[in-house]
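This is what each chain is made of:
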Amino acid sequence: MTEIRYEVTDGVAVVTLDAPERRNALSVEMSRELIDAARTAEADDAVGAVVVTGGAHFCAGAVRSVLADTGCDPVEDEAYRNLETVYAAFTTIGSIAVPTVAAVRGAAVGAGLNLALATDLRIVSRTARLLPGFAQIGIHPGGGHFTLIDRVAGREAAAALGLFGDEVDGERAVALGLAWAAYDDGDVHDRALEVAGRVAKDPALARRMVASFRRETAPGGVPWDVAVELERSPQMWSLRRRHGA
């Protein structure tokens with residue numbers, strides 16, 4: 001991998017976007033590497049959690065050339081597939097069978113915000129900048145942007161950010177429910193690893209839990225009685241496993 005760094009420590013796979021010269025804007029190649037890293041973590045039974053980070057700058061969206069090429073001819077095969085690959089970078093992160101945490105420093109813009117919102121939990125810098133950025137460059141939001149905001153922070157936040165283009169910092173993101181906790185910039189990475197490390201201690205249980213979590217908290221939710229039945233099987237599995245330990 002040339003634009004993504006991947007390393008595993010104590011059951012936590014850290015996936016780092018590594019193109020600081022463009023503030024980690026998602027190129028087609030970086031998107032492919034991000035997908036590969038996510039699938040690598042998912043295929044490793046020793047991985048119990050994934051942390052996605054970009055270092056000092058989380059992700060400045062998609063590189064402009066991808067958007068420009070699509071704009072020239074949206075249905076031209078290569079342009080269409082390239083944009084689809086960028087979308088797949090965050091839809092893959094959002095669907096792998098492992099709990100995911102975003103460690104957000106600097107800006108998360110457009111597709112970069114989508115990437116952060118695709119994870120199960122976000123730990124952010126107090127000075128982080130979360131903003132859609134789509135309308136500001138004259139394009140409609142993409143990648144299910146409104147849904148991603150709505151499912152974590154509700155319709156009002158989806159309107160303020162996605163429709164009206166508001167920007168929020170880390171502390172405001174926590175207040176809105178867009179993130180779980182905000183820390184000083186230098187502490188974000190370690191705090192994200194600490195959170196991920198809790199669940200990563202038991203990778204098999206982590207994977208069972210995140211499957212139930214996502215089913216029960218999907219848009220629209222599920223009735224309580226259905227949730228009881230949904231959780232019964234993995235809980236029985238965990239009890240039987242514990243008994244045999």
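Residues numbered from 1 in each chain as written. Predicted model: local features only at pLDDT ≥ 70, side-chain atom pairs only at ≥ 80, totals over all residues. Heavy atoms only, no water.

Asks: Talk me through the overall build of the protein; I want residue IDs and the actual numbers.
Replies: When helices and strands are tallied, the protein shows ten helices and nine strands. Taken over the C-alpha trace, the protein has a radius of gyration of 18 Å; the compact-globule value for 245 residues is 18 Å, and the two agree within 12%. By its C-alpha atoms, the protein is 60 × 40 × 40 Å across when sized along the principal axes. Put simply, the protein has 245 residues, and 45% of those count as buried. Of the contacts formed within the protein by residues at least 6 apart in sequence, a portion of 70% connects residues at least 24 apart. Carbon together with sulfur atoms contributes 53% to the accessible area of the protein, which is approximately 12,300 Å² in total. In the protein, 25 side chains carry a positive charge and 34 a negative one; their mean positions are 6 Å apart. (Helix = DSSP H or I, 4+ residues; strand = E, 2+ residues; numbered from the N terminus. Rg over C-alpha atoms; globule rule 2.2 N^0.38 Å. Buried < 20%, exposed > 50% of the residue type's maximum accessible area, 1.4 Å probe, protein only. Contact = heavy atoms within 4.5 Å. Areas by Shrake-Rupley, 256 points an atom, 1.4 Å probe, with all protein chains shown as cover. Lys, Arg positive; Asp, Glu negative; His and termini not counted. Charge placed at Lys NZ, Arg CZ, Asp CG, Glu CD.)

Asks: Can you explain the sheet that holds strand E6 (residues 121–125)? Please cite residues and give values.
Replies: In space, the six strands of this open sheet follow the order E1-E2-E3-E4-E6-E9, with mixed pairing throughout. Single-partner strands in this sheet number two, and they are strand E1 (4–9) and strand E9 (181–183). The sheet shows a mean angle of 20° between the axes of neighbouring strands, taken without regard to direction. Pairing of E1 with strand E2 (residues 12–17) involves six bridges; the strand directions are antiparallel. By the bridge assignment for E2, arginine 5 is matched with threonine 16. Its contacts with the sheet place helix H1 (residues 28–43) against E1, E2 and strand E3 (49–53), and it is angled at close to 15° to E1. (Pairing = 2+ DSSP bridges. Axes fitted to C-alpha atoms, helices over the stretch in contact; angles between N-to-C directions.)

Asks: Could you give an account of the pairing of E6, with specific residues and numbers?
Replies: Side-chain direction in a regular strand flips from residue to residue, so the side chains alternate between the two faces of the sheet. Here E6 lies mainly inside the structure; four of its five residues are buried. Taken together, the four bridges between strand E4 (residues 100–104) and E6 define a ladder with parallel strand orientation. Note on E6: the bridge partner recorded for valine 101 is leucine 121.

Asks: Account for the nonpolar core, naming residues and giving values.
Replies: One recurring pattern in soluble globular proteins: nonpolar side chains tend to sit buried together. Membership of the largest hydrophobic core comes to 45 residues, with the highest contact counts inside it found for Leu17, Leu26, Leu34, Val50, Phe58, Val104 and Leu115. Here this core takes six residues from helix H4 (residues 111–118), the largest share from any one element. Residues contacting valine 104, with those up to four places away along its chain left out, are Phe58, Ala116, Ile123, Val124, Ser125, Ala128, Leu130 and Val188. Among the nonpolar cores identified, the runner-up in size contains 13 residues, and Val12, Ala49, Val101 and Val195 belong to it. (Core = buried A, V, L, I, M, F, W, Y, C linked by side-chain atoms within 4.5 Å.)

Asks: Break down the packing of helix H9 (residues 203–216) against helix H10 (residues 224–244) for me, citing the residues and quoting the values.
Replies: At a minimum axis distance of 10 Å, the contact between H9 and H10 shows a crossing angle of 175°. Considering the angle they form, H9 stands roughly antiparallel to H10. For the pair H9 and H10, the contacting residues are Ala204, Leu205, Arg208, Ser212, Arg215 and Glu216 in the first and Ala227, Leu230, Glu231, Pro234, Trp237, Ser238 and Arg241 in the second. When the residues that make up the contact of H9 with H10 are grouped by side-chain class, the tally is six nonpolar, two polar and five charged. (Parallel < 35°, antiparallel > 145°, perpendicular 65-115°, else oblique. Nonpolar A, V, L, I, M, F, W, Y, C, P; charged D, E, K, R; others polar.)

Asks: Tell me what's going on with the sheet that holds strand E5 (residues 107–109), and back it up with residues and numbers.
Replies: One open sheet holds the three strands; their spatial order is E5-E7-E8, and the pairing between them is mixed. With one partner strand each, in any of the chains shown, E5 and strand E8 (168–169) form the two edges of the open sheet. Pairing between E5 and strand E7 (residues 129–131): three bridges, direction parallel. Counterpart to alanine 107 in the pairing with E7 is arginine 129. Seen against the sheet, H4 touches E5 and E7 and runs at an angle of roughly 100° to E5.

Asks: For the pattern of salt bridges, give the residues involved together with the corresponding values.
Replies: Enumeration over the complete set of coordinates arrives at 13 salt bridges. Residues glutamate 171 and arginine 126 are paired through a salt bridge, measuring 3.3 Å at the closest nitrogen-oxygen approach. Here glutamate 171, found in helix H7 (residues 170–176), pairs with arginine 126, found in the loop between E6 and E7; they are 45 residues apart in sequence, far enough to count as distant. Residue classification places arginine 126 among the partly exposed residues on the basis of a relative accessible area of 34%. The salt bridge partner of aspartate 184 is arginine 126, with a shortest N-O separation of 2.9 Å. Note that aspartate 184 is positioned in the loop between E9 and helix H8 (188–200) and arginine 126 in the loop between E6 and E7, a separation of 58 residues in sequence. (Salt bridge = Lys/Arg side-chain N within 4 Å of Asp/Glu carboxyl O.)

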